[in-house]
Amino acid sequence: MLNDFLPHITAQDLQHWFLYDKDEPMLFSTAKFLRLFLIFYFIYGLLRNTFRIRLAFTAAFSIYFYYLCSERYFVLLIFSTVVDYTLSYFLYREQRDIPRKIYLWFSVAVNLVFLGYFKYATFMMEGANQLFGWQYTVHKVLLPVGISFFTFQSISYIIEVYRKEIVPAKNYLDYLFFVSFFPQLVAGPIVRAKDFLPQIYSKLELSKADVNNALFLIIGGLIKKTVISDYISINFVDRIFDAPDLYTPFENLMAAYGYTIQIYCDFSGYSDMAIGIALLLGFKLPTNFRTPYKSASITEFWRRWHISLSTWLKDFLYISVGGNRHGSFAGFLFPALFFFGTIVWSINYATVSNIPLIVSVGALVVFTLSFLLAKEKEKTMVTNVNLLTTMLLGGLWHGASLRYIVWGALHGIALAVHKIWIEFFPSKKENEKTAAGMVWKVVAVLLTFHFVAFCWIFFRARDFSIALGLINNIGKLTFEPEHWKAVILGYKNVFILMTIGYIWHLMPNTVSDALRRTYYEMPFALKGILLGLVFWLVYAAASAGPQPFIYFQF
């Protein structure tokens, strides 16, 4: 009799719910995560007045969460934390300079060897085969989800201990909790030990305002990721980027605009959910996005986009290779290799087209002029070279491909150009409120946005030829309003969601603050109804199944 009312649950159902499934990765936007999180959060609430037990339970759930994301690679995460914690323990207590450097570099080397093997081994072997004519068989290595994120987090920890900027975690459990904290484990934000460790040792507090803010962020993140980003991707962007020559120039252009808002909604949506879930657990993660497409320069863009990564690159890479103080071998090596490699490749490609050679030489000339025209030529040269090195390696961090390196190089050269621009045309606060100043601000925002959108083409394309093909197609664009209208009506839902995404992103802060206050003041029952509607929207929009977050591959 009871069986008539209870759902019939099979062993296969339990396996699907609680074990790793390669066809359904663990995502915040899935019913699988919601089911597990509700169980976890109920127990977490019961343990709220404990300390060690709560930490151990959360760390264990985080490892289990990573197992559901990457199967056996959770062992790699545990091994990495054991090595890094042990080395940091001895490093902090060591006073002699040489042993301290040995501990530091051994830890960094271990992390980079793991990252290099899983992320770049195939790329390097394929490149060597092509360069030297070798015939070695290359087996594709499965990339553990989020390895770049927790590797960078571990490296920043050991460097901060070495610089004596932080007191290390009191024991291994605390360190494991810091590195494996599941809301930000696989796609950031990249958390710094000096910001996170004090929260571990503080009294757990969760105010009504924190809960409201957390739910507001989670609701917004779910809509951005599942309703806007996934729908645009599946129904428009992916099709055109897979075969741009099958579509018209206008469709190619709209695909570039579509991916520009897609990647923002995807990544900022994930970050919002991560920050919201962490807030429900009583932990505050750093803001990762501040409406980056409102930026009036490429420098401002990198202060607003993926803030935790750009800050990490500045503090641990840019400064390490010399920053704006001095040059270094590494600082000059990577730009030299990049320009040499692109020019050699362009010469070989000249039988097909001379455009890559013209662009490569032009980029070198522009970059060189960025410091030759400066008042302090030597200092500016060092700064720009180190900036370009940082962005090249930042591009390589995203993936082992020429297109990521080109993406990083474009941003690095643009940062150098912007520096010489503001030297010749410094902005003045008083001019920003004039009519001319406001017009220039709009022009600057549009120029920055379109440069960023252009760079995203290399980031998204499956390979370099696809990127060049899509750019070539966009270059053939002609004014055909009737055709444009037909395309927009044919992809009506896609363009509606793209418009919503851009309006949401570009609306004034006063409007977003008003929406936030309105949500806070809603009755509890109305908030529950709204949350239910959002989950229904997520379910209705997930017609092709849950789509992995773009940054999971990094």
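Heads up: the structure comes first, above all this text.
If you're wondering where the values come from, they're calculated on a predicted model, not measured in any experiment. (Residues numbered from 1 in each chain as written. Predicted model: local features only at pLDDT ≥ 70, side-chain atom pairs only at ≥ 80, totals over all residues. Heavy atoms only, no water.)

Asks: Break down the overall build of the protein chain for me, citing the residues and quoting the values.
Replies: Assigned secondary structure in the protein chain consists of 22 helices and 0 strands. Scaling as 2.2 N^0.38, a compact globule of 554 residues should have a C-alpha radius of gyration of about 24 Å, and the protein chain matches this with 25 Å. Projecting the C-alpha coordinates of the protein chain onto the three principal axes gives extents of approximately 75 × 70 × 60 Å. The buried share of the protein chain, reckoned over its 554 residues, is 49%. Taking as baseline every contact in the protein chain between residues at least 6 positions apart, the subset at least 24 positions apart corresponds to 76%. Element-wise, carbon and sulfur atoms account for 67% of the exposed surface of the protein chain, whose accessible area totals about 27,600 Å². The positive charge centre, built from 47 side chains, and the negative charge centre, built from 35, are 6 Å apart in the protein chain. (Helix = DSSP H or I, 4+ residues; strand = E, 2+ residues; numbered from the N terminus. Rg over C-alpha atoms; globule rule 2.2 N^0.38 Å. Buried < 20%, exposed > 50% of the residue type's maximum accessible area, 1.4 Å probe, protein only. Contact = heavy atoms within 4.5 Å. Areas by Shrake-Rupley, 256 points an atom, 1.4 Å probe, with all protein chains shown as cover. Lys, Arg positive; Asp, Glu negative; His and termini not counted. Charge placed at Lys NZ, Arg CZ, Asp CG, Glu CD.)

Asks: Quick rundown of the nonpolar core? Include the residues and the values.
Replies: In this structure, F178, W305 and W456 are the most contacted members of the largest nonpolar core, which totals 136 residues. Sort the elements by how many residues they give to this core and helix α10 (residues 249–280) lands first, with 19 residues. If we ignore the near neighbours within four places in the chain, the residues touching W456 are Y259, T260, I263, Y293, F301, W305 and W407. One finds F338, F339, F367 and A416 within the second-largest nonpolar core, a separate group that totals 11 residues. (Core = buried A, V, L, I, M, F, W, Y, C linked by side-chain atoms within 4.5 Å.)

Asks: Quick one: what's the story with the environment of A193, residue by residue and with numbers?
Replies: The topology assignment puts A193 in helix α8 (residues 193–201). Along the backbone, A193 and Q153 are 40 residues apart, and their C-alpha atoms lie at a distance of 8.1 Å. Not counting residues up to four positions away in its chain, the partners in contact with A193 are Y157, E160, I166, F178 and P198.

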